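Each chain is listed here by its residues.
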Amino acid sequence: MDPVKLVWLIPALPLAALVIIFCVTRPLETLLGGSHAHAAAAVGGHGGHEPGEPAETAHGAGAQSAHAQSQERPVEQTPDQIQASQEQAEDGHGAGHGGHGGSTSGMGLLSSVIGIVAMGLAAALSIAVLIQFIRDQGMTPPDTHLYNWFTIGGLKYSIDFHVDNLTAIMLVVVTGVSFLVHLYSVGYMAGDQGYARFFMELLLFTVSMLILVLAANFLVLFIGWELVGLSSYLLIGFWFYHAPPPAGSEVPYPPPASLKAFVTTRLGDFGFLIGILILWVNTQTFNFVALNTATKHVNQATITAAMILVFCGAVGKSAQFPLHVWLPDAMAGPTPVSALIHAATMVAAGVYLVARLFPIYAAAAGPQSLAVVGYVGAFTALFAATIALTQNDIKGVLAYSTISQLGYMFAGLSVADTNAVGIFHLFTHAFFKALLFLGSGSVIHAVANQDMRKMGGLAKFMPITALTFLIATLSISGVPPFSGFWSKDPIIGLAYDHHNYWIYGMTLFTAFLTAFYMFRLYLMTFGGRGGAYLGFWGGRRQYRGDGHPHESPWVMWLPLVVLATVTVVIGLAGFAGLNEGFAKFLNGGASVAYHPGPALDTLTVIGVAVAIFGIVVAWTAYGLGAGWVRALVASPIGKPIYTLLYHRYYLDELYTFLIRIVIFGLSNGAALFDRYVIDGIVNGSARSVLGIGKITRRTQTGVLQNYGAAIFGGAMIILLVFFVAVGAIH
Amino acid sequence: MLTAIVFLPLLAGVIVLLAPERFTRWIAAGFTLVVFLLSMWLYFGLLGKGSGFGDVMHPQWSIDVPWINTNLGGFHFQVRYALGTDGLSMPMIILNGLLSFLAVIGSWRIEKRIKFYMAMLLFLEMGVMGVFASFDLFLFILFWEVELIPMFLLIGIWGGARRKYAAWKFLIYTLVGSSFTLAGIFLIYVETGATDARYQHFAGAASTLIGQLPLGAGSISLPLAVFLLLFAGFAVKIPMWPVHTWLPDAHTEAPTAVSVLLAGVLLKMGAYGLIRICLGFAPHGAQQFAPVLGVLAAINVLWGAGASLVQRDMKKMIAYSSVSHMGYVLLGVAAAAAAGTAASGFREVALTGATLQMFSHGAITGMLFFCVGVIYDKAHTREIDAFGGVASRMPVESTLYLAACFASLGLPALAGFVAEYLVFTGSFALLPGPTIAAAFGVVLTAGYLLWMFRRAFYGPLNLKWNWLTDATVREAFPLVALVVVILFVGIYPGPIVDLIRPSIHQMLTVAHAVSAR
């Protein structure tokens, strides 16, 4: 049987799993005595959620909060350490997850198994579809028509799926990473009171994301686009009952973070919607294939404007400057969520959008639209990388690194004559960034903390996590032969080849920064001074929080190993010409006109040298323990820059200020205008003309219903008056 | 059949008043359920016959008998008892049937003078049904005024602390507005020279309304004068900025079920009048007013959204959000009426969207008010900041509340999105400026709803509310019923759009013929 014909099954499988969990296993779980744990958790705020030792979980579901425990600990000596211990407790909020002793109820486990099986089948089917497309690269199957919304006045609103080479790749990325994340979550979320809810929301996300990538027209794409926003909102706010972290903590707080994520991306969607409307009004179609030709007959300036507006949606969803502020906060969600949604798939939806519409960007629209994409991408890459240098929250660094890498993808879409370069980086990034996040989750799971300043030397305790993390770190730094090298080098090189020297400069410098901050992260977490292999493995600075670091259970390390294997295999396949093959594949089997892969030329050598240099610089500071970073940060020039970067350029503060002044100012103005001006006029005229003051006083006698008749009589009088008036005219 | 739908509630109301009090709730629930089922039967009956859902010239289920026929001062005044339904009114009749039934369920725990309360609720249902089912202008305005009395009493007797102010404000606003509408009805009746006031006369003959009307020293375009007079009453009811301030007060004071009906169907009477009567019978005037109406629509959306953002009371916030959402209806109507060379398909899309928005907003806002009602009945406060972390105590209630919020902010797969998307995709071709401004309302809507939700439901539990219990089955029933409707329309809007479309098509064909003249 042709797997391409069954493509509708790919979203249908997780949807079916979602419905089964919602209708069967979750209600059963509640009936079979989930209520006790639930009530207890509700009382304790986050009772039953302590990170850390198994002994603590023996307190039972109604145990006290992490705050209480931190106070029971022996008071430490220096103010510095006391502060650190407080932060430990605070970080616990962000890191708070199932803990080790927590057990998952039988029904909960069944829910996750249903989800995993559905995702496994969907992933297998996706791979079959991809293989089918690789076999026959020129294949263009017709759109799958699911059903019609309606057709009004010749305008069609129809729900269609479209599968082509690009979709096939995205399907594998989405279902593959989603499957591994589902598996991983069995370990990571074990014992959480919202265990089944977590899997439902994860499945909801997967369905929405699949709708997004399968869309044949803007209507379906927008539906998926908004639904992934919903799942993102729900999953960021998964631990909605947590207490807020105290001021100064780098760990984001779920309730405001989920709100911020949804509203910020909506702001981008506003532009996106206007862009869709411009295209719609001019071509009267939503269908992507039809648009490719239809847009050629429309005024070029109009299309250019529309495509830039459509890109606004991508800016919001893919967290590009200036709408990137939501993504670091989105790390408030559980770490598997960060890996799946906020690193590998959803945030890449913007890149997918531009790639999907690439024919319009490249042909019908003016060159300005792709230039905007490229400059925004390259600037964001640089901008986010500078912030990543200073963050201490392990997930915070990874969040900024995601923003930065997404910027690379947009730059890649802009500088090449094909979408293959940007999409290839999306492809490799999805795996190595999911690996990085899942690895960081493994660390957080082990030590119940996300502050890197309290980590160090963890490689000895969790060798699998450390080794796979190192592979991903090398990959993102662009070191051959790992996958990131093959996808990043062409972006930088093509920028130079196409004389986009600004983009070249920004992306090249970002490559240096990337290598630096990623190895800073790796060494601060897993290595350190005095460790084996020049400080890359273990180290004297041991983990200083509480909890006993150890390797995670197999459900958690297996996905790490799989992702690391993918990263290495893609890297090695690069030598066999995977890049060219990939570009050719996306090109519909036709050969591409240029070298989409790195060649052994000066540009590549410079690129790799810059990355190695970044690693060495990071190693001197965090592997050797040279004190230059501290000196630099303390110096009169370094200090203000460090402060600026550490506070993320104060953009959050600026936005908050603007919202407070502009939006709330206007809103308060409107509310006050209603209350005093309009109602003032209404009440005033009512009093004077109708003498309502007298009437209201009389109504206070309480016999209100007597007025019913009076009103009707009044209405009749008015009727009569107008009747006479109109009659008099004639 | 329509007669039964309109007058069964009246009969039920009388029975409720006469029967012993312990049966009151069951009688009311039974009758409203029957009315709702009958309204569904109207729909499925037409579906089964396969003869289409009709339009204003071809009303379905129609009944038409003479009622008042008199000559007053050389003026022939005829009122016919003409009822009928078409694609424009049937969704509203179904919605009214559904919401009235749910409102009775939602009022189960009212103790204060329950007999009189239920009777008023039933009389209200009758009035609203009459407005939507009338096919005669005089009958229409009669039902329009009749509906005021029960509403006035429901707010004034069972309302909150400032109920008297709110009730009077509602009444005066509406009466002042409807007096203009009445004048407009007389004007159109006289000017077209019709011998009776059945809709068919004006829907087809609207083109005869041309020329100038002498006014003081100058003159005013006659169609515009007719349009504005008729519109005055509808604008108050919708409500349109700047005559909207009665709504937040009325909602804040009204009991839950009354708020549901007020937002769910009473506002729709204004929108229905605007589409059926203003646009249908005075298309030329509508066209002249459309640019202004478009701007007013955008103001409605943004003003309402902005005011929602700063409200402290949940109900007042949702009331303002109604102002905002009714702006999309206005936008759709304005676009349908606007002059322009854009393809006629866009007008049809915009007006279908406006009509669907009436239905969607009724279901969604009804659900939101029920959600507030559930929590208010327990906590006796609606102040957003007084809560905190309540989701931990009320998982079912908070899940449904969140679903209603997302429906309201236009999440795809829920009813609000379909309507808003239709309005935007239609109106952008004709009124790009107001459409862009109104589309920004989508961002603000997400902001105020989710911000409210975050403050009231997320975060650590405010221990003051540790005793709160989740929604009971009876409380959850209306919410679940509405969420099913919202999901169905959101995922598969085909059936309801097919119902609406013929009426819209006929109306725009007439309007187009008029404006082309």
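Residues numbered from 1 in each chain as written. Chains lettered and ligands numbered in written order. Predicted model: local features only at pLDDT ≥ 70, side-chain atom pairs only at ≥ 80, totals over all residues.

## Comments concerning the overall build of chain B
Now for step 1: A count of helices and strands for chain B gives 19 helices and four strands.
Now for step 2: With the C-alpha coordinates aligned to their principal axes, the bounding extent of chain B is approximately 70 × 55 × 50 Å.
Now for step 3: Across the 517 residues that make up chain B, the buried fraction comes to 67%. (Helix = DSSP H or I, 4+ residues; strand = E, 2+ residues; numbered from the N terminus. Buried ≥ 20, exposed ≤ 12 C-beta atoms within 10 Å, placed from the backbone.)

## Observations regarding the overall build of chain A
Now for step 1: Looking only at helices and strands, chain A features 30 helices and two strands.
Now for step 2: The burial tally for chain A puts 57% of its 730 residues in the buried class.
Now for step 3: Pairs at least 24 residues apart make up 79% of the contacts formed inside chain A by residues separated by at least 6 positions. (Contact = placed C-beta atoms within 7 Å.)

## Considering helix α20 (residues 483–497) of chain A
Residue and element names in this part refer to chain A.
Now for step 1: Compared with an ideal rise of 1.5 Å per residue, which puts 15 residues at 21 Å, α20 spans 22 Å between its outermost C-alpha atoms and is within 8% of the ideal.
Now for step 2: The buried fraction of α20 is high, at 13 of 15 residues.
Now for step 3: Just downstream of α20 lies H499, where phi reads positive at about 60°. (Expected span 1.5 Å × (residues − 1).)

## Structural notes on helix α4 (residues 114–133) of chain B
Now for step 1: The terminal C-alpha atoms of α4(B) lie 28 Å apart, and with 20 residues this matches the ideal 28 Å at 1.5 Å per residue to within 8%.
Now for step 2: Burial of α4(B) is extensive: 17 of the 20 residues sit out of reach of the surface.

## Here we look at the pairing of strand β2 (residues 155–161) of chain A
All names here are of chain A.
Now for step 1: The sheet contact formed by strand β1 (residues 144–152) and β2 spans seven bridges and is antiparallel. Bridged to T151 within β2 is K156.
Now for step 2: Between β1 and β2, which pair antiparallel one after the other, the connecting turn spans two residues, and G153 there sits at a positive phi close to 55°. (Pairing = 2+ DSSP bridges.)

## Topic: the packing of helix α15 (residues 395–408) of chain B against helix α18 (residues 473–491) of chain B
Helices that pack against each other are described as a pair by the angle of their axes relative to one another and the distance between those axes.
Residue and element names in this part refer to chain B.
Now for step 1: Where α15 meets α18, the axes come as close as 11 Å, and the angle between the chain directions of the two elements is 35°. In this structure, the crossing between α15 and α18 has a hand that is left-handed. Where α15 approaches α18, its residues V396, L400, A403 and A407 are matched on the opposing element by A476, L479, V483 and I486. (Axes fitted to C-alpha atoms, helices over the stretch in contact; angles between N-to-C directions. Left-handed = near helix turned anticlockwise from the far one by under 90°.)

## Observations concerning the packing of helix α17 (residues 394–415) of chain A against helix α18 (residues 420–447) of chain A
Residue and element names in this part refer to chain A.
Now for step 1: Where α17 meets α18, the axes come as close as 9 Å, and the angle between the chain directions of the two elements is 175°. As the angle between them shows, α17 and α18 are arranged roughly antiparallel. From α17, I394, K395, L398, T402, Q405, Y408, M409, F410, G412 and L413 reach across to α18, where they touch V421, G422, H425, L426, H429, K433, L436, F437, S440 and V443.
Now for step 2: The residue makeup of the contact of α17 with α18, split by class, is eleven nonpolar, seven polar and two charged. (Parallel < 35°, antiparallel > 145°, perpendicular 65-115°, else oblique. Nonpolar A, V, L, I, M, F, W, Y, C, P; charged D, E, K, R; others polar.)

## Regarding the interface of chain B and chain A
Now for step 1: Each partner contributes residues to the interface: chain B has 65 residues there, and chain A has 61 residues.
Now for step 2: Counting residues per element, the side of chain B that touches chain A draws most heavily on helix α7 (residues 163–191) of chain B, which supplies eleven residues.
Now for step 3: Across the side of chain B that touches chain A, the residue classes tally to 43 nonpolar, 15 polar and seven charged.

## As for the nonpolar core
Now for step 1: Counting residues in hydrophobic clusters, the biggest one holds 447 residues, and the most contacted among them are A:V354, A:A434, B:L330, B:V333, B:A334, B:M367 and B:I486.
Now for step 2: Excluding its chain neighbours within four sequence positions, the residues that come into contact with B:L330 are B:I238, B:M240, B:L293, B:L296, B:A297 and B:N300. (Core = buried A, V, L, I, M, F, W, Y, C linked by C-beta atoms within 7 Å.)

## Describing the environment of B:W241
Residues and elements named next belong to chain B.
Now for step 1: Among the secondary structure elements, W241 is positioned in the loop between α9 (222–237) and α10 (246–253).
Now for step 2: W241 sits in the buried class, given 25 other C-beta atoms within 10 Å.
Now for step 3: Beyond its immediate sequence surroundings of up to four residues, W241 is in contact with L296, I299, N300 and W303.

## Some words on the environment of A:R520
Residue and element names in this part refer to chain A.
Now for step 1: Mapped onto the fold, R520 is located in helix α21 (residues 501–526).
Now for step 2: According to the C-beta neighbour criterion, R520 is buried, with 25 such atoms within 10 Å.
Now for step 3: When the C-alpha positions of R520 and Y622 are compared, they lie 6.3 Å apart, and in sequence the two are 102 residues distant.

## Quick word on the environment of B:P66
Now for step 1: Its location among the elements puts B:P66 in strand β1 (residues 60–72).
Now for step 2: B:P66 gets classed as exposed once you count the C-beta atoms within 10 Å, which come to 11.

## Examining unusual backbone geometry
Backbone phi values are negative for most residues with the exception of glycine, while trans is the configuration of most peptide bonds.
All names here are of chain A.
Now for step 1: Following F321, the chain continues to P322 via a peptide bond in cis, the omega torsion being 5°.
Now for step 2: On the secondary structure map, P322 appears in the loop between α11 (300–317) and α12 (326–329).
Now for step 3: The backbone of A448 sits at a positive phi, close to 55°, despite the residue not being glycine.
Now for step 4: You can call A448 buried: it has 26 C-beta atoms within 10 Å.

## Section: the confidence of the model for chain A
One rule of thumb: low pLDDT means the predicted coordinates there are not for detailed reading.
Residues and elements named next belong to chain A.
Now for step 1: On average, residues of chain A carry a pLDDT of 82, and 83% of them reach 70 or more.
Now for step 2: Confidence over residues 34–101 falls short of pLDDT 50; this stretch has 122 contacts with residues more than four positions distant or in other chains.
Now for step 3: Low pLDDT, under 50, characterises residues 726–730; the stretch is placed with eight contacts to residues that sit more than four places away or in other chains. (pLDDT = per-residue confidence, 0-100.)

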